[in-house]
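Here are the chains, one letter per residue:
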Amino acid sequence: MKFFVIALTFIISTCLSAQNGSITGKVIDESTGEDLIGAIVQIEGTQLGAATDFSGIYHIKNVSPGTYSLQISYISYQSKKVVGVVVEPGKTVSIDIALGTAPLEETGVVEIVESRVTSTEASVLMEMKEAKGVLSGIGAAQIAKSQDRDASEVARRVPGVTVVDSRFVIVRGLSERYNAVMINNALAPSMETDVKSFSFDIISSGLIDRFLVYKSPSPDLPGEFAGGAIKVFTKNFPSKNFEVTVSQSFGFRSGTTFKDFNFSNRSSTDWLGFDNSDRVLPDGFPTNVRNTTDQNRLNVSRSLPNNIEKNKESAPLDWRTNVTVGKKWSKEIGEFGLIGSINYSRTRTFFTNRTAVYDTYDVIQNVSDTVSHNNDNTYQANARVGGLLNFGFKNKLNKVELKLFASQFGQTEDLFRDGIEVEQGNYVKSNFYNYNQRFITTNQLLGSHEVFAKKGLFEWTLGYSKATSEDPDWRRVRYTKPLDLSNPEYQAYIPFSADPNYFGRLFLNMKEITPMTSMSYEHKLKSMGDDLNGNEQFISLKGGFYVENKQRVFSVRNIGYKAASFATFSNPDLAFTPIESILDTSNVNLTDGIILDEDTKPQDSYTAGNKLGAGFLMLSVPKGRWLLSGGARFESASQTLNTRNLQNKEYNIILDSKVLLPSAMLSYNISKTSLIRMAYGKTINRPEFRELAPFAFYDYKRNAIMNGNPDLTYATVGNYDVRWEVYPSAGEVFTLGAFYKAFVNPIELYFQPGVGSGGTMSFIPGNAPSANNYGVEVDSRIKLGHIVSMINGSEFDPTEGFVNKFTLVANASFIVSKIKLSDEDIETGTNASRPMMGQSPYIINAGLFFQDDAIDLSISAMYNVIGPRVVIAGVPGIPEVWEMPRNLVDLTISKGIGKHFDIRFGVQDMLNQQVLWLQDANDDGKLNRDNDQRLQYFRRGTYFTLGLTYSFKQD
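Residues numbered from 1 in each chain as written. Predicted model: local features only at pLDDT ≥ 70, side-chain atom pairs only at ≥ 80, totals over all residues. Heavy atoms only, no water.

Quick look at the overall build of the chain
Then, number 1: Tallying secondary structure elements over the chain gives 9 helices and 49 strands in all.
Then, number 2: Within the span of the chain, comprising 955 residues, buried residues form 55% of the whole.
Then, number 3: A separation threshold of at least 6 residues defines the contact pool for the chain, and within that pool the share at least 24 residues apart is 71%.
Then, number 4: Accessible surface, the chain: about 39,200 Å² in total, of which carbon and sulfur atoms supply 55%. (Helix = DSSP H or I, 4+ residues; strand = E, 2+ residues; numbered from the N terminus. Buried < 20%, exposed > 50% of the residue type's maximum accessible area, 1.4 Å probe, protein only. Contact = heavy atoms within 4.5 Å. Areas by Shrake-Rupley, 256 points an atom, 1.4 Å probe, with all protein chains shown as cover.)

Section: the pairing of strand E23 (residues 426-451)
Then, number 1: Pairing analysis gives 24 bridges linking strand E22 (residues 398-421) to E23, with the strands arranged antiparallel. When the bridges of E23 are listed, leucine 402 appears paired with leucine 445.
Then, number 2: As consecutive antiparallel partners, E22 and E23 are separated by 4 residues, and within that stretch glycine 425 has a phi angle of approximately 70°, a positive value.
Then, number 3: Note that E23 and strand E24 (residues 456-482) share 23 bridges and pair antiparallel. Along E24, the bridge assignment pairs glutamate 450 with leucine 457.
Then, number 4: Connecting the antiparallel pair E23 and E24 is a turn made up of 4 residues, with phenylalanine 452 showing a positive phi of about 50°. (Pairing = 2+ DSSP bridges.)

Quick look at the packing of aromatic side chains
Then, number 1: Using the criterion set out here, one finds 23 aromatic pairs in the structure.
Then, number 2: Where tryptophan 271 meets tyrosine 344, the ring centres are 6.3 Å apart and the plane angle is 70°; that geometry is what we call edge-to-face. One end of the pair, tryptophan 271, is in the loop between strand E17 (260-263) and helix H6 (294-303); the other, tyrosine 344, is in strand E20 (residues 334-362), with 73 residues separating them in the sequence.
Then, number 3: Relative accessible area serves as the criterion here: at 40%, tryptophan 271 is assigned to the partly exposed category.
Then, number 4: Judged by centre distance (4.7 Å) and plane angle (50°), the rings of tryptophan 626 and tyrosine 668 are tilted. Of this pair, tryptophan 626 sits in strand E30 (residues 626-644) while tyrosine 668 sits in strand E31 (residues 650-669), and the two are 42 residues apart along the sequence. (Phe/Tyr/Trp six-rings, centres within 6.5 Å; stacked < 30°, edge-to-face > 60°.)

Quick notes on a nonpolar patch on the surface
Then, number 1: On the surface, a nonpolar cluster with roughly 480 Å² of combined accessible area is contributed by Ile670, Ile676, Met678, Val722, Trp724 and Leu736.
Then, number 2: The set of elements that each furnish at least two residues to the nonpolar patch consists of strand E32 (674-685) and strand E35 (715-726).
Then, number 3: Within the secondary structure, methionine 678 sits in strand E32. (Patch = residues over 30% accessible without salt bridge, like charges linked within 9 Å, V, L, I, M, F, W, Y side chains within 5 Å. Salt bridge = Lys/Arg side-chain N within 4 Å of Asp/Glu carboxyl O.)

Details of the sheet that holds strand E13 (residues 186-187)
Then, number 1: Strands sit in the order E9-E14-E15-E12-E13 across an open sheet of 5 strands; the sheet is mixed. Taken across any chain shown, the strands that pair with only one partner, and hence form the sheet edges, are strand E9 (135-139) and E13.
Then, number 2: Bridge analysis of strand E14 (residues 208-214) against strand E15 (residues 228-234) gives 6 bridges, and the strand direction is antiparallel. When the sheet's bridge partners are listed, arginine 210 is paired in E15 with phenylalanine 233.

Some points on the sheet that holds strand E3 (residues 49-51)
Then, number 1: Taken together, 4 strands build an open sheet; the order of strands is E3-E2-E5-E6 and the sheet is antiparallel. Here the strands that pair on one side only, and so sit at the sheet edges, are E3 and strand E6 (80-87). For this sheet the average axis-to-axis angle between neighbouring strands, irrespective of direction, equals 20°.
Then, number 2: With 3 bridges joining them, strand E2 (residues 40-43) and E3 adopt antiparallel strand pairing. From the neighbouring strand, glutamine 42 faces E3, where its bridge partner is glycine 49. (Axes fitted to C-alpha atoms, helices over the stretch in contact; angles between N-to-C directions.)

As for the pattern of salt bridges
Then, number 1: Counted according to the given criterion, the structure contains 32 salt bridges.
Then, number 2: A salt bridge links aspartate 599 to lysine 601; the nearest nitrogen and oxygen atoms lie 3.1 Å apart.
Then, number 3: Since its relative accessible area comes to 33%, lysine 601 is described here as partly exposed.
Then, number 4: A network of salt bridges, in which partner residues are shared, links Glu224, Arg633, Glu635 and Arg686.

Some points on the side chain of glutamine 919
Then, number 1: Along the chain, glutamine 919 turns up in strand E47 (residues 915-919).
Then, number 2: Classification of glutamine 919 by relative accessible area gives buried; the value is 3%.
Then, number 3: Discounting residues that sit within four places of it in the chain, glutamine 919 has contacts with Tyr358, Phe751, Ile878, Pro879, Glu880, Val881, Asp932, Gln933 and Leu935.

Structural notes on the nonpolar core
Then, number 1: By size, the foremost hydrophobic cluster in this structure holds 32 residues, and its most contacted members are Phe285, Ile494, Phe503 and Ile594.
Then, number 2: Those elements that provide at least two residues to this core are H6, strand E21 (367-394), E24, strand E27 (536-563) and strand E28 (594-598).
Then, number 3: When residues no more than four places from it in sequence are discounted, the contact partners of isoleucine 494 are Phe503, Lys562, Ala563, Phe569, Leu574, Ala575 and Ile594.
Then, number 4: Counting 28 residues, the second-largest nonpolar core is a separate cluster that includes Ala188, Ile202, Val213 and Leu388. (Core = buried A, V, L, I, M, F, W, Y, C linked by side-chain atoms within 4.5 Å.)

Quick word on unusual backbone geometry
Where the residue is not glycine, phi is negative for most of them; where a peptide bond is considered, it is trans in most cases.
Then, number 1: For serine 277, which is not a glycine, the phi torsion comes out positive at approximately 85°.
Then, number 2: Residue placement: serine 277 occurs in the loop between E17 and H6.
Then, number 3: Non-glycine residue phenylalanine 452 carries a positive phi angle of around 50°.
Then, number 4: Structurally, phenylalanine 452 can be placed in the loop between E23 and E24.

Describing the confidence of the model for the chain
Then, number 1: Averaged over every residue, the pLDDT of the chain is 84; the share at 70 or more is 89%.
Then, number 2: Every residue in residues 1-18 scores below 50 in pLDDT, and together they form 25 contacts with partners more than four places removed in sequence or on other chains. (pLDDT = per-residue confidence, 0-100.)

With respect to the side chain of aspartate 852
Then, number 1: Within the secondary structure, aspartate 852 sits in strand E41 (residues 842-852).
Then, number 2: Engagement of the side chain of aspartate 852 in a polar contact is seen with the backbone nitrogen of alanine 854, the distance being 3.0 Å.
Then, number 3: In this structure aspartate 852 touches Lys805 and Leu857, once residues within four positions along its chain are discounted. (Polar contact = N/O pair within 3.5 Å; in protein donor to acceptor, adjacent residues only side chain to side chain.)

Focus on the environment of glutamate 880
Then, number 1: Of note, glutamate 880 is situated in the loop between strand E43 (869-872) and strand E44 (881-883).
Then, number 2: Since its relative accessible area comes to 5%, glutamate 880 is described here as buried.
Then, number 3: For the pair glutamate 880 and alanine 921, spaced 41 residues apart in sequence, the C-alpha separation works out to 8.7 Å.

A word on the environment of proline 728
Then, number 1: Relative to the assigned elements, proline 728 resides in the loop between E35 and strand E36 (733-744).
Then, number 2: In the structure, proline 728 is positioned 55 residues away from lysine 783 in sequence and 10.0 Å away in space, judged by C-alpha atoms.

Structural notes on H6
Then, number 1: When we look at burial in H6, the residues that qualify are Arg297, Leu298, Val300 and Ser301.
Then, number 2: Its buried side turned inward, H6 meets E27 and E28.

A short note on the environment of leucine 848
Then, number 1: Along the polypeptide, leucine 848 turns up in strand E41.
Then, number 2: For leucine 848, a relative accessible area of 36% gives the class partly exposed.
Then, number 3: Sequence separation between leucine 848 and leucine 891 is 43 residues; the distance between their C-alpha atoms is 9.7 Å.
Then, number 4: When near neighbours in sequence (up to four residues on either side) are disregarded, leucine 848 contacts Phe806, Thr807, Leu808, Ile859, Ser860 and Ala861.

Overview of helix H8 (residues 784-792)
Then, number 1: Buried within H8 we find Gly785, His786 and Ser789. In a view along the axis of H8, the buried residues occupy a sector of 105°, so they form one face of it. H8 presents Met790 and Ile791 as exposed residues on the side facing more than 90 degrees away from its buried surface.
Then, number 2: Its buried side turned inward, H8 meets strand E39 (770-783).
Then, number 3: Trailing H8 by a residue or two, glycine 793 shows a phi angle of about 75°, which is positive. (Arc of directions from axis to C-beta.)

Structure follows, in structure tokens:
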């Protein structure tokens, strides 16, 4: 902790000693008063300068005290020079500039390459305002103010969005399955074997240009969503002719860093996020151990490494590095650009997860019988390597880009369980050693072309993505001793046939590839005059298509150790052999030892595919203050899954869905800065491959059996939205909206009573008849000075006053949800009044940002909480499982040092509250943290970071 106290003291003392000032103002057209976007304001004789944003405002920060001249330039306008600009220590001077148009003979023939900045707060707000639907988002400029490390943490800043399991995004309280995720313009591949979701923790925040969430359907958006269609755009052309950014940060997690950290054997490349083949099955390993001869079985049993022992070290500081380089070239034919970025991180986390399983509630005794309870000491070591390389060309009419993105993520997770199995009458100690490596790459060639005298816009994308997920040599060992201590020593569980859930090894592989192509064309049909801001409006027609062919291969090998023969149990020492030596060569034999067996079933592997074709047509009709936009999207998808049943006969599942998805949006501009928007659209939600697969998989974290259901069908959703939007000034927004969603055949995860033993629960997905949810959302991003001006009744000046250095960000969603169950379920007593699985009743985000350009200091404090949500649907006698609210508070302090350096200190999850799952066993309708049943609870620890960034930019 002394390390961070010293760092914080250094930051504060540096802040107090800083004496630089700043220059700000607005650039306008002197004849029309129109804001000039992209005008360049340069301090003569220096490299300091800035471009105006979408409100014509510029900011030049970190200016040394003195008297300067400003040089202002803009294409087709006369350049202007402003002299005698005095900058005082710690103060901001405001200079507004009006430019006149240049005579034609002065401007000459100029090839104008327009480049719309997309990552600033103002540009994201402009994109929200111009959207033909309900849109929320965040850009790289705002991301830089936080300490968010990956896309999942960035998502928490978007209104109505929250994150579960540190990687899955939930929009408007709906579970992660109701999102469509696109990286740039292509649907993202899945990296999860048993969840319909995209894992956002794979994308580093430093690679993101902007993160957008479309909450209402539109014909040109994917049709498979109900919560949100999420688009993650990676960084584009560099902002300067040449730029370099290098950042390095260190992290300290309470309860982990500098503490004892247990781990299993590693490979030499784990630090790079992948296994070097140390954990894979040896060459020549049989396709099924059970079908080999005794001698061959003995040979392969001894060929696997004895790597189930536990090692120990002191957990070092976490480490994160990022390097980004950008370069632009201007040629006669246009502008070329390149941006490359690579990031690396290595982190560790330790926590104790306390879990329990309960039997049916006893209404007489007012208690549920405890089946089991465990303490799971969990050690996670993560390594991530990611990068992108984007090439681009653009001129006045054309833009072509090649975007290459890849990320490799490896996680070693070693879990040591210490618990009690009440029903079986045992104390238990279990060790689980797991290594998971995930890889994703998305490669896209994109084009945008203005044709027919700029009345037409033709856009296209060719893409290829690949995702893999591998769990090589997932090892499990279980020791028990009786509760009555009739035998006081723990002994290994050695079955008579393979049971890898308790003593064995598992090898899991998943690979998914997705080639895709999309094209669209939009044509301006007729001019309808200017809007309130003086921009010309057109009736436009847009159409296009999207095609992809997703293919997945999945396989599991379940290999377990068993007693070589009945003689094994005449060897009194074998079962009491310590875990470190139980797999010694002397104990692996055909007589009185243990030997490998296999429980891999034909249905443990499958191949699957989804051929998706979509076409759309939409029309936009503006009329004065009104804009009507709408159309329809037709999607045809064929999901196939091919596996084998227990008799090893082919088992094929086909789920076809052909749906017409209409949508419409109507907006009315109340003024230049405010509008009302209404939207309707129909969407679809299809099962994931794993949900259709007809086999079970043991999830050791939940101590649960996860089953597939080949009888699942797709769900459809009707989406209704209305929203009032206000954009008071640059960087400010206020929205108030309401929404309603009607679901038919929603997919839920249910308990399976009577399945499982020894505290093991069993779950299966199924379709409920229907459900609905409705709610309200409010979002605001406003300068504190604006609030003070409204209270005082005075005119707001965004460039004056200390209070204007503060920006308040707050958004909240309040949602009501109810599932409708079948008559059969209601008759059996299943809770018919619960919300949809994964649905939160409220989501609240808040933040206070301080920015002082004069001393180059920024401070942000952020807060997030979600309401209790059902994570597992209940059945008679076994109530729902709820994830309880958890308050998250983060603090970030960033200080510029000179022209090129920035130091940043952050504290994440300051309150370190429990992650808690509860069951309302007494069915009193109240969730009580002290009295209701706790299925699991743990704390990850407060996280401290300290980083230094060097940046160099050259015009």
